[in-house]
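# Structural description and commentary
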Amino acid sequence: MNTNLPPLSLSILGVEPLDEFIREIADFVHHMIVTKPVHPDAKVEVEAKLGVLRDRTSGQRLMLPVLVETILIPNEVDVRFESNMSLNQHKHFNNMLNDLKLISSQPSHPTSPLEYTHVKVVDSFYSSEDREKIRVTREEKSNTVLEITRKIRLGDLNIYSPKRAADWRVSVSLEVPVAHPVGTPTHVRRKDRICYSHEEFNIDLTQVHSSNNATPNAPPEIFHELEVEIARPGLLLSTAAKRGDPNVSELERNAFDELIRSFVNNARILVKNASEGWHT
């Protein structure tokens, strides 16, 4: 009896079924883009941030009767997303990504190499007439203003990952350029950021010192955060505009979904590699 497994078809139709998880995220991001408010020169930001989903009542990590990662229906589960990680977790990801950068530069590595930049900026936040605050970003050393924006959150998708140490959240926002605000900032965030870039994505590992002008004598709060972001807003918008268009090539028609697929895969890889004890 031959016990060797012969080559198998992907399915009875010879094709692989649609990945509903990735398609749901792609549909969500696409909907946010096509229904966004019109603001001249605004940039669309799509990011996935690692963290922990906590029950608002108990403060404990969310527990649901599911075995694998699950997209939560927006506003149906009363949770808060906590992106802050421990210093040990920060060091873990820093070492992992530094090692990957070295490995990826080898000719035998199967993917493109990672690039690396170290950035230190200061974000000052000012109140505005709208709910969203105005952010003035300066280069820390020279104090040069890099950008002044009002960030409008369009929507979030929370992803619960019961088998992992961390959950994650996909957020879509608009960053609208504005004039420099008057007055004094309500709070300041000093960011020490290591940015790993790979193809169409940036992976940002950031230590944040946050101080509030309402309590000037209090020591700054320290946070550690990790996120993956689609690097080129222009590419995101152009591929979204051609999604499903029968008048363009199949490559162009599917480019948006391919971009989101790789984005989701990068977020999943980071979540999978979170060490035990998100806050310890």
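The rules we used
Residues numbered from 1 in each chain as written. Predicted model: local features only at pLDDT ≥ 70, side-chain atom pairs only at ≥ 80, totals over all residues. Heavy atoms only, no water. Core = buried A, V, L, I, M, F, W, Y, C linked by side-chain atoms within 4.5 Å. Buried < 20%, exposed > 50% of the residue type's maximum accessible area, 1.4 Å probe, protein only. Contact = heavy atoms within 4.5 Å. Helix = DSSP H or I, 4+ residues; strand = E, 2+ residues; numbered from the N terminus. Arc of directions from axis to C-beta. Axes fitted to C-alpha atoms, helices over the stretch in contact; angles between N-to-C directions. Parallel < 35°, antiparallel > 145°, perpendicular 65-115°, else oblique. Left-handed = near helix turned anticlockwise from the far one by under 90°. Patch = residues over 30% accessible without salt bridge, like charges linked within 9 Å, V, L, I, M, F, W, Y side chains within 5 Å. Areas by Shrake-Rupley, 256 points an atom, 1.4 Å probe, with all protein chains shown as cover. Salt bridge = Lys/Arg side-chain N within 4 Å of Asp/Glu carboxyl O. Lys, Arg positive; Asp, Glu negative; His and termini not counted. Charge placed at Lys NZ, Arg CZ, Asp CG, Glu CD.

### Describing the nonpolar core
If you look at soluble globular proteins, the nonpolar side chains tend to sit buried side by side. Judged by nonpolar contacts, the single largest core of 49 residues is most densely connected at Ile-25, Val-29, Phe-93, Trp-168, Val-170, Leu-226 and Phe-263. Each residue touching Val-29, except ones within four places of it in the same chain, is listed here: Val-46, Val-170, Val-172, Phe-256 and Ile-260. By size, the runner-up hydrophobic cluster in this structure holds six residues, among which are Leu-53, Leu-72, Val-79 and Tyr-160.

### A short note on helix H3 (residues 233-242)
When we look at burial in H3, the residues that qualify are Leu-236, Thr-239 and Ala-240. For H3, the arc enclosing every buried residue in end-on projection is 105°, short of the 170-degree limit, so these residues lie on one face. Contact partners of the buried residues in H3: helix H1 (20-34), strand E1 (43-55), strand E10 (221-230) and helix H4 (250-272). Once H3 finishes, Gly-244 follows within two positions and takes phi at roughly 75°, a positive value.

### Concerning the packing of H3 against H4
Closest axis-to-axis distance for the H3/H4 pair is 7 Å, and the angle between their directions is 130°. The orientation of H3 with respect to H4, classified from their angle, is oblique. Between H3 and H4 lies a crossing of left-handed hand. Across from Leu-235, Leu-236, Thr-239, Ala-240 and Lys-242 in H3, the residues of H4 making contact are Glu-252, Arg-253, Ala-255, Phe-256 and Leu-259.

### Topic: a negative patch on the surface
Taken together, the side chains of Glu-16, Asp-19, Glu-20 and Glu-24 make up a negatively charged region of the molecular surface. Here Glu-20 is to be found in helix H1.

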